[in-house]
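# Observations on the three-dimensional arrangement
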Amino acid sequence: LWSIWQTSPGGDWTGWSGPNWNNAKQLIEITACQQGGSRGAQLWGIQEDYTLVTCFQETPGGSWSGWNPWPATPANSQFVQLAAAQQNDGRVQLWALDTQLQLWSCWQTSPGGDWTGWTGPNWDNAPPLQTIAASQQGGTRGAQIWGITQDYRLTSDYQVSPGGGWSGWMSGSWSGAPNVTQIAA
């Protein structure tokens, strides 16, 4: 793992730091999200044994914690992909796809605070998904997650209000999208 960061908002960038930034072990997938509250960004990684680890900024723009194991799901799932987004209320939600294409999720109970246990498999009745991406929305909604189904349809689920309930996974293809193989948010 290598890292580079800005020295000030909108400012210059440092030189690259790595390999094995912050003493990271070999990771096969990563995702990150800014937290609210008294912490800064948080980073999650999938290790070669498909388990999760995490580290976070102890204060916004401050030093980073060491890497720690992330709690396992009740099924001891092996993960292959991750996505995270702030819920437009300072709390972060994390999603993970397991090797059986089942979606799991957990979220902070307060900005920068504690986390719930995992919910899943097939969080919020998600169909089997090949890939996922998530983003915070502005305005009156919270986070939104997109996924690509096994037949390459783009589907989505969104929070109807910041930190609130979810719309449910849509049927058909999101906004009339053609078949897709990759997604970013």
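Notes on the structure in this doc start here. Just so we're clear, the structure is a prediction, and the values are computed from it rather than from any experiment. (Residues numbered from 1 in each chain as written. Predicted model: local features only at pLDDT ≥ 70, side-chain atom pairs only at ≥ 80, totals over all residues. Heavy atoms only, no water.)

A separate point is the state of the cysteines. Considering all chains together, one arrives at zero disulfides under this definition. Here C33 is not disulfide-linked; the sulfur of C106 is the nearest cysteine sulfur, at 12 Å. For C33, a relative accessible area of 10% puts it in the buried group. According to the relative accessible area criterion, C106 is buried, its value standing at 1%. (Disulfide = S-S within 2.5 Å. Buried < 20%, exposed > 50% of the residue type's maximum accessible area, 1.4 Å probe, protein only.)

Spatial strand order, β8-β9-β10: three strands in an open sheet with antiparallel pairing. Lying at the two open borders of the sheet, with one neighbouring strand each, are β8 (129-136) and β10 (154-158). Sheet twist, expressed as the mean angle between neighbouring strand axes with direction ignored, is 20°. Both β8 and strand β9 (residues 143-149) contribute to a ladder of seven bridges, which runs antiparallel. Residue S135 lies in a different strand from β9, and its bridge partner there is Q144. (Pairing = 2+ DSSP bridges. Helix = DSSP H or I, 4+ residues; strand = E, 2+ residues; numbered from the N terminus. Axes fitted to C-alpha atoms, helices over the stretch in contact; angles between N-to-C directions.)

It is worth spelling out the sheet that holds strand β3 (residues 52-56) at this point. What links the strands of a sheet is backbone hydrogen bonding, and the strands pair in either a parallel or an antiparallel sense. Judged by pairing direction, the sheet is antiparallel, and its four strands sit side by side in the order β1-β2-β3-β4 without closing on themselves. Since the sheet does not close on itself, it has two edges, and those belong to β1 (27-34) and β4 (68-69), each with one partner.

So, on to the packing of aromatic side chains. One pass over the full model with this rule turns up 11 aromatic pairs. Relative to W67, the ring of W21 lies with its centre 6.5 Å away and its plane at 90°, an arrangement referred to as edge-to-face. Of this pair, W21 sits in the segment before β1 while W67 sits in the loop between β3 and β4, and the two are 46 residues apart along the sequence. For the pair formed by W21 and W67, the shared burial category is buried. Residue placement shows R39 over the ring face of F56; its charged tip is 4.0 Å from the ring centre. Between the NZ or CZ atom of R141 and the centre of the ring of Y158, over which it lies, the distance is 3.9 Å. (Phe/Tyr/Trp six-rings, centres within 6.5 Å; stacked < 30°, edge-to-face > 60°. Lys NZ or Arg CZ within 6 Å of the ring centre and 35° of its normal.)

Before going further, it helps to examine the nonpolar core. Counting residues in hydrophobic clusters, the biggest one holds 14 residues, and the most contacted among them are W44, L52, W70, F79, L94 and W118. Those elements that provide at least two residues to this core are β2 (41-47), β5 (79-86), β6 (92-98) and β7 (103-107). Residues contacting F79, with those up to four places away along its chain left out, are I46, Y50, L52, T73, A96, L97, D98, W104 and W118. (Core = buried A, V, L, I, M, F, W, Y, C linked by side-chain atoms within 4.5 Å. Contact = heavy atoms within 4.5 Å.)

Let's shift gears to the side chain of D98. With respect to the element layout, D98 can be found in strand β6. This buried residue, D98, is left without a salt bridge; R153 holds the nearest opposite charge, at 17 Å. In terms of polar contacts, D98 uses its side chain to reach the backbone amide nitrogen of Q100, at 2.9 Å. D98 has contacts with S77, Q78, F79, V80 and W104, leaving out every residue within four places of it along the chain. (Lys, Arg positive; Asp, Glu negative; His and termini not counted. Salt bridge = Lys/Arg side-chain N within 4 Å of Asp/Glu carboxyl O. Polar contact = N/O pair within 3.5 Å; in protein donor to acceptor, adjacent residues only side chain to side chain.)

Now for the environment of S63. Here S63 shows up in the loop between β3 and β4. We classify S63 as partly exposed; its relative accessible area is 47%. Sequence spacing of S63 and G40 is 23 residues, and the spatial spacing of their C-alpha atoms is 9.1 Å.

What follows concerns the pattern of salt bridges. Scanning all chains against the criterion turns up two salt bridges. With its nearest N and O atoms 3.0 Å apart, the salt bridge here joins R91 to D89. Measuring nitrogen to oxygen at the nearest pair gives 3.3 Å for the salt bridge that ties D151 to R153.

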